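# Observations on chain architecture
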Amino acid sequence: MTWQPEIDELRRREQLAREMGGKEKIERQRAGGKLTVRERIDLLLDGNSFHEIGAIAGKGRYDGEGRLTGFTPANFVMGRGRINGRPVVVGGDDFTVRGGAMDAAISSKQIYAERMANELRLPIVRLIDGTGGGGSVKMLETDGRTYVPYNQGWDLVTDNLAKVPVVGLGLGSVAGLGSARLVSAHYSVMVREISQMFIAGPPLVARTGENTTKEELGGSELCARAGAVDEVVESEIEAFARTRQFLSYLPSSVFDLPPRGPITDEPNRRDDWLIGAIPRDRRKVYDMRKIVATLLDTDSFFEFGRLYGSAAITALGRLDGWPVAVLASDPYFYGGGWTADAAIKITRFIDFANTFHLPVVNLVDVPGFLIGRQAEVDGTIRHGARALAALYQAGVPWCSVLVRRAFGVAGAAHANHTRLMYRYAWPSGDWGSLPVEGGIEAAYRAELAAAEDASQLRTDIEKNLNRFRSPFLTAESFLIEEIIDPRDTRRLLCEFANLAAPLRTPGVVATSYRP
Amino acid sequence: MATKSIRCPISGTVFQIHKAPGDSVVAKEAVVTLECMKMEIPIEAPSTGRVVSIDVREGDSVVKDQQVFVLEI
């Protein structure tokens, strides 16, 4: 006599679990344009790599003889699998069972997934579709009491941000604890139209007198512009593809180093157009993304967070195969000036790069902080100071390229000046404490007030001061170490990536990432 | 034909208006230029189309998310 009957029972229970919330609920999920959690997992992971844990956890129904007559699985499917051949943990809400509220969950499954990522030092991908385990007032009836809330698993959620790559994908309407789980990630994505995110959904909000639709309240674009999530994609398939690419730049945990990717591009490649990439007219803008893309290995430019703090571009990329974090200015947004939201984005990005030992390449065109009343209303200086603190606490190798301006406190924040200034300037370099145009009134107030023709004097002063603006004069005093031909930038950055690679030090950093 | 409201990505001052209602534009063509942080920042047509209205005047102060022009695409 073998244990075959028990194995048959196990297979039967697993089969019941794979039926999820039943045919009707699955059809409803599909009608909403959404994949089921099991389809999602299969499409995210390498083929046939999913090893499920806790498949048969749920609620069984039994007859008088104790025989199983029906089964509703827990509303969270999780396990291990592979992405690009590397092991990961994946956990997804099953909305067909119930929208994630705690009454249908076995909350220890979620905690198990987080702990597995933590202890096995593996990336975790959360597929979020619902409230992610938060409460429902229905529980008052079933429990006959209420409770003081606590955020279950949050010790692990927080610790994972310091130790393993965390990706949150919003794949439905997400509220409460689910929203907190979605954004407590290094990379969070929502799928246009099928995903909305809010603290509380329209019915609760309506009780405060505000009538909104789900899209109006927490549409994906709104959430990305607010910086609550990093990105909006057009389909679930795209979300999975982006996740796979994001993870390719990162180590499996901070105890490891970012793996060198394929070497697909010539490190000494020179692009002739770079010599004219920066307009000679200081008032004209240019396409920084085109510059970044050409400096990096072909097709390795991976930007995220584009809709928020847009004066700063934050991206991953490769140089001679080595993963790097790229920070760059976008002159189309406030001339690249640091707004409060750009500073918040930069802080998080530096902490992210530092956490995962990604050398930073910073392409600088920063006219300073955004100035004006709105900048003060936004508390820009506090957020900017926080970005400075992140910069001065970061220990990852760092290389700056001053492509144009570096003015004031924010311009100075292109590098930690107390470290080796691994730095280059393009001939378009233009820097100082204040741009000449803006600083004259303050510096020559008395002279201008006394002048018969203040406007003429102003022009004369400006002309005179502009004589000193040449970057060669700065280089004469070794206040900029090197001026380079922009066409040599890729070669020099690839050299940096190769020099930086052995300097990267695995381990948990003191100032690790917060969402 | 759908219309698209093009909004200010930033706050600033309207420096130049390059197009008038009825004009055709191609993708990435500047319709309005703002001035901000001493830079001329073009507000471009996101796709080819026809300008329906220009909702700012030269010299206007504009704020982020304010409608600048409407494009028929």
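Note: the structure precedes this text.
Residues numbered from 1 in each chain as written. Chains lettered and ligands numbered in written order. Predicted model: local features only at pLDDT ≥ 70, side-chain atom pairs only at ≥ 80, totals over all residues. Heavy atoms only, no water.

## Focus on the overall build of chain A
Each helix and strand in chain A was counted, giving 21 helices and 18 strands. Taken along its principal axes, the extent of the C-alpha atoms in chain A is 105 × 55 × 40 Å. Counting only residues that meet the buried cut, chain A has 53% of its 515 residues in that class. In chain A, 72% of the contacts between residues at least 6 apart in sequence involve partners at least 24 apart. If you sum the accessible surface of chain A, you get close to 23500 Å²; carbon and sulfur atoms cover 54% of it. Mean positive and mean negative side-chain charge positions of chain A (62 and 64 charges, respectively) differ by 2 Å. (Helix = DSSP H or I, 4+ residues; strand = E, 2+ residues; numbered from the N terminus. Buried < 20%, exposed > 50% of the residue type's maximum accessible area, 1.4 Å probe, protein only. Contact = heavy atoms within 4.5 Å. Areas by Shrake-Rupley, 256 points an atom, 1.4 Å probe, with all protein chains shown as cover. Lys, Arg positive; Asp, Glu negative; His and termini not counted. Charge placed at Lys NZ, Arg CZ, Asp CG, Glu CD.)

## Topic: the sheet that holds strand 4 (residues 76–83) of chain A
Residues and elements named next belong to chain A. Taken in spatial order, the 7 strands line up as 1-4-5-6-7-9-11 in an open sheet, and their pairing is mixed. Each edge of the sheet is formed by a strand with only one pairing partner; in this case those strands are strand 1 (51–53) and strand 11 (231–233). Pairs of neighbouring strands in the sheet enclose a mean axial angle of 25°, with direction left out of account. (Pairing = 2+ DSSP bridges. Axes fitted to C-alpha atoms, helices over the stretch in contact; angles between N-to-C directions.)

## Remarks on the layout of surface pockets
The method is simple in principle: a probe with the dimensions of a water molecule rolls over the atoms, and the space it marks as empty is what remains. The space that makes up the largest pocket amounts to roughly 1500 Å³. Lining the largest pocket are 42 residues, with Arg225(A), Phe333(A), Arg7(B), Cys8(B) and Pro9(B) positioned closest to its centre. Of all elements in the fold, only helix 10 (220–225), helix 12 (288–295) and helix 13 (340–355) of chain A together with strand 1 (3–7), strand 2 (12–17), strand 5 (39–44) and strand 7 (61–62) of chain B reach the threshold of two or more residues within the lining of the largest pocket. Top contributing element to the lining of the largest pocket by residue count: strand 1 of chain B, with 4 residues. Considering only residue class, the lining of the largest pocket consists of 19 nonpolar, 9 polar and 14 charged. (1 Å grid on protein atoms, 1.4 Å probe; cavity = no way out; pocket = protein on both sides within 12 Å on 5 of 7 lines; lining within 4 Å. Points joined across faces, edges and corners; volume = space filled by probe spheres on them. Nonpolar A, V, L, I, M, F, W, Y, C, P; charged D, E, K, R; others polar.)

## Examining the interface of chain A and chain B
Chain A puts 21 residues into the contact, and the matching count from chain B is 14 residues. Of the roughly 1500 Å² buried at the junction of chain A and chain B (both faces included), carbon and sulfur atoms supply 58%. When the area that chain A buries against chain B is broken down by residue, the three leading residues are Arg283(A), Tyr332(A) and Tyr334(A), summing to 51%. If you look at where chain A meets chain B, you find 3 salt bridges. For Glu35(B), the salt bridge is made with Arg283(A), and the minimal N-O distance between the two is 2.8 Å. Elements supplying a minimum of two residues to the side of chain A that touches chain B: strand 16 (398–407) and helix 17 (436–443) of chain A. Counted by class, the side of chain A that touches chain B contains 10 nonpolar, 4 polar and 7 charged residues. (Buried area = accessible area lost by both parts, 1.4 Å probe. Salt bridge = Lys/Arg side-chain N within 4 Å of Asp/Glu carboxyl O.)

## Concerning helix 1 (residues 4–18) of chain A
Residue and element names in this part refer to chain A. Across its 15 residues, helix 1 extends 21 Å between first and last C-alpha, which sits within 8% of the 21 Å expected from 1.5 Å per residue. When helix 1 is considered as a whole, its buried residues turn out to be Arg-13, Glu-14, Leu-16 and Ala-17. For helix 1, the arc enclosing every buried residue in end-on projection is 160°, short of the 170-degree limit, so these residues lie on one face. Met-20 lies just past helix 1 and shows a positive phi near 55°. (Expected span 1.5 Å × (residues − 1). Arc of directions from axis to C-beta.)

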